[in-house]
Amino acid sequence: MSTDSAAPSLHEDAMPRRLGSLRLRLGLGVPLLTCAIVAVFEWSLGGFVVPAEGMARTAWLVLLLSAAQLLLIEMLMLRPLRRLAAGCEAMESAPVPLTPEDATPAPGLAAELDRIGHAMRRARGSLWQQDQHARELRRELTQQRLLLEQAQLALEANQRELASLARTDALTGLANQRAFDEALRREFKRAQRQRGLLALAVLDLDEFKAFNHHHGTAVGDAALQSVAGLLNERFKRDTDVVARLGGEEFVALLPGVGMAEAQGVLEQLRDDLRALRLPQGEGHLTLSVGLAAASPAHPYLSAQALMQAADEALYIAKHAGRDRLSLAA
Ligand SMILES: Nc1nc2c(ncn2[C@@H]2O[C@H](COP(=O)(O)OP(=O)(O)OP(=O)(O)O)[C@@H](O)[C@H]2O)c(=O)[nH]1
């Protein structure tokens, strides 16, 4: 049968071994039983006193009867059992297409066993198909999970980008008002806690309305970007925060920096701007700065109070004629 050569299984040898042992037992048992039956039969006919000729005839009779029985057992039992065993083994291996021989089993006991083997192979085929289907579904599920993970990563990246955009000034790339407000609150509390220094400068370009008017807003935009570049250059420490609050107004928040040090760096920044001679190396765009600094010797009640002091200093610088730095009282 075709299933005899099916894919190997864990119990491949077990069933034939069992059938071989059964055949051996039948091979011994059937002749002995036949011998016993013939002996009883002979005894019932004439007793155990049998001439030598009669003995030989009886031996032949036993031999022939045993051979006939064994042949019948082989055809009607062992062969169908082998098919059944093959059917059982096929349950553990890939299905093999049913042959016409499988589809039309022989009549009698063999037919029953064949039918069982046949049904087992059909069940195996169906199980195998379901198993294949389940594997496909699992593969698809894995793929979908991968896609989902990728989409999730992309979404997280987008969210991070959005969050960063929400805290960044689009024109200059500096922190915006929202990011600055958070930084001011955070650094002010830290300075208070650690009794440290915190300088805050508010910087405002002078007569920027007129600048825009003369040179156009595109040139004005470029000037704002140049000032942002200068701020980034001058305030490079990890703890420094520079931001554009809107329009032509910038801030520099400098943790751990006192009034004198901040004043020095801001004057250098004003020199840098003057040297640039915006626009196009021929102009004279200037900057006014208001500077306030919190320290244990000069504390402020709140972050807002520090900001207000810097704003007031800027107001004084503007009203004193612009292009200068004014210190908070
Ligand atoms: N090019 C450009 N101009 C801007 C931008 N945001 C605000 N402005 C302009 O900046 C100018 C600010 O003008 P004002 O607030 O009157 O200040 P100012 O002219 O600089 O005068 P002072 O601050 O008193 O020296 C306005 O004309 C705004 O239109 C921007 O993103 N790009």
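Residues numbered from 1 in each chain as written. Predicted model: local features only at pLDDT ≥ 70, side-chain atom pairs only at ≥ 80, totals over all residues. Heavy atoms only, no water.

A. Molecular detail of the overall build of the protein. What the protein contains, in helices and strands, is nine helices and five strands. Along the protein, from the amino end to the carboxyl end, the secondary structure elements read α-α-α-α-α-β-α-α-β-β-α-β-α-β. Residues counted as buried form 34% of the 329 residues belonging to the protein. Pairs at least 24 residues apart make up 73% of the contacts formed inside the protein by residues separated by at least 6 positions. With an accessible surface of roughly 20,300 Å², the protein has 60% of that area assigned to carbon and sulfur atoms. (Helix = DSSP H or I, 4+ residues; strand = E, 2+ residues; numbered from the N terminus. Buried < 20%, exposed > 50% of the residue type's maximum accessible area, 1.4 Å probe, protein only. Contact = heavy atoms within 4.5 Å. Areas by Shrake-Rupley, 256 points an atom, 1.4 Å probe, with all protein chains shown as cover.)

B. Here's a closer look at the site of the ligand. Taken together, 16 residues lie around the ligand, and E207, F208, N212, D221 and R244 are the ones closest in. Within the backbone of E207, an N or O atom sits 2.8 Å from an oxygen atom of the ligand. T217 places a polar main-chain atom, nitrogen or oxygen, 3.1 Å from a nitrogen atom of the ligand. Starting from 670 Å² of accessible surface for the ligand in isolation, the protein chains cover 64%. When residues of the shell around the ligand are assigned to their parent elements, the largest contribution, four residues, is made by helix 7 (residues 217-234). Classifying every residue of the shell around the ligand by side-chain character gives three nonpolar, four polar and nine charged. (Near = heavy atom within 4 Å. Polar contact = N/O pair within 3.5 Å; in protein donor to acceptor, adjacent residues only side chain to side chain. Nonpolar A, V, L, I, M, F, W, Y, C, P; charged D, E, K, R; others polar.)

C. Geometry of the side chain of D206. On the secondary structure map, D206 appears in the loop between strand 1 (198-205) and helix 6 (208-215). Looking at D206, its side chain comes within polar contact range of the side chain of S288, at 2.7 Å. Looking at D206, its side chain comes within polar contact range of the main-chain nitrogen of D323, at 2.9 Å.

D. Spotlight on the UniProt feature "coiled-coil region" (unreviewed entry) in the protein. UniProt's entry tags residues 134-168 with the feature "coiled-coil region" (unreviewed entry), counted in the numbering of this structure. Note that residues 134-168 is 91% helix and 0% strand, and that its end C-alpha atoms are spaced 50 Å apart. (UniProt positions renumbered as here; feature names shortened; annotations may be inferred.)

E. Representation of the pattern of salt bridges. For the coordinates displayed, the defined rule picks out 15 salt bridges. Salt-bridge contacts for R244 lead to D169; the nearest nitrogen and oxygen are separated by 3.2 Å. Taken together, the residues span a long stretch of sequence, with R244 in strand 2 (residues 241-246) and D169 in the loop between helix 4 (109-165) and helix 5 (177-194) at a distance of 75 residues. Classification of R244 as buried rests on a relative accessible area of 12%. (Salt bridge = Lys/Arg side-chain N within 4 Å of Asp/Glu carboxyl O.)

F. Unusual backbone geometry, seen in detail. Between L278 and P279 the backbone carries a cis peptide bond, its omega angle lying at 0°. By the secondary structure assignment, P279 is in helix 8 (residues 259-281). Phi at R195 takes a positive value of approximately 50°, unusual for a residue other than glycine. You can see R195 is positioned in the loop between helix 5 and strand 1. The exposed category is assigned to R195, whose relative accessible area is 61%. A positive phi angle, near 45°, is found at E207, a position not held by glycine.

G. Seen up close, the nonpolar core. If you look at the biggest cluster of nonpolar residues, it comprises 30 residues, and the most contacted ones within it are L203, L205, L231, F250 and L266. If you list the elements that add at least two residues to this core, you get strand 1, helix 6, helix 7, strand 3 (249-255), helix 8 and strand 4 (287-294). The biggest single contributor to this core is helix 7, with six residues. Ignoring sequence-local partners within four residues, the contact set of L231 consists of L174, L203, V242, F250 and L269. Membership of the second largest hydrophobic core comes to 26 residues, among which are F180, V202, L245 and A328. (Core = buried A, V, L, I, M, F, W, Y, C linked by side-chain atoms within 4.5 Å.)

H. A look at the environment of M259. Here M259 lies in helix 8. The exposure class assigned to M259 is partly exposed, which follows from its relative accessible area of 24%. On a C-alpha basis, the gap between M259 and A293 in space is 5.3 Å, while along the polypeptide they are 34 residues apart. In contact with M259, not counting residues within four places along its chain, are L291, A292, A293, L327 and A328.

I. A nonpolar patch on the surface, seen in detail. There is a patch of nonpolar side chains on the surface, built from L71, L72, M75 and L76 and spanning about 400 Å² of accessible area. Tracing the backbone shows M75 in helix 2 (residues 52-90). (Patch = residues over 30% accessible without salt bridge, like charges linked within 9 Å, V, L, I, M, F, W, Y side chains within 5 Å.)

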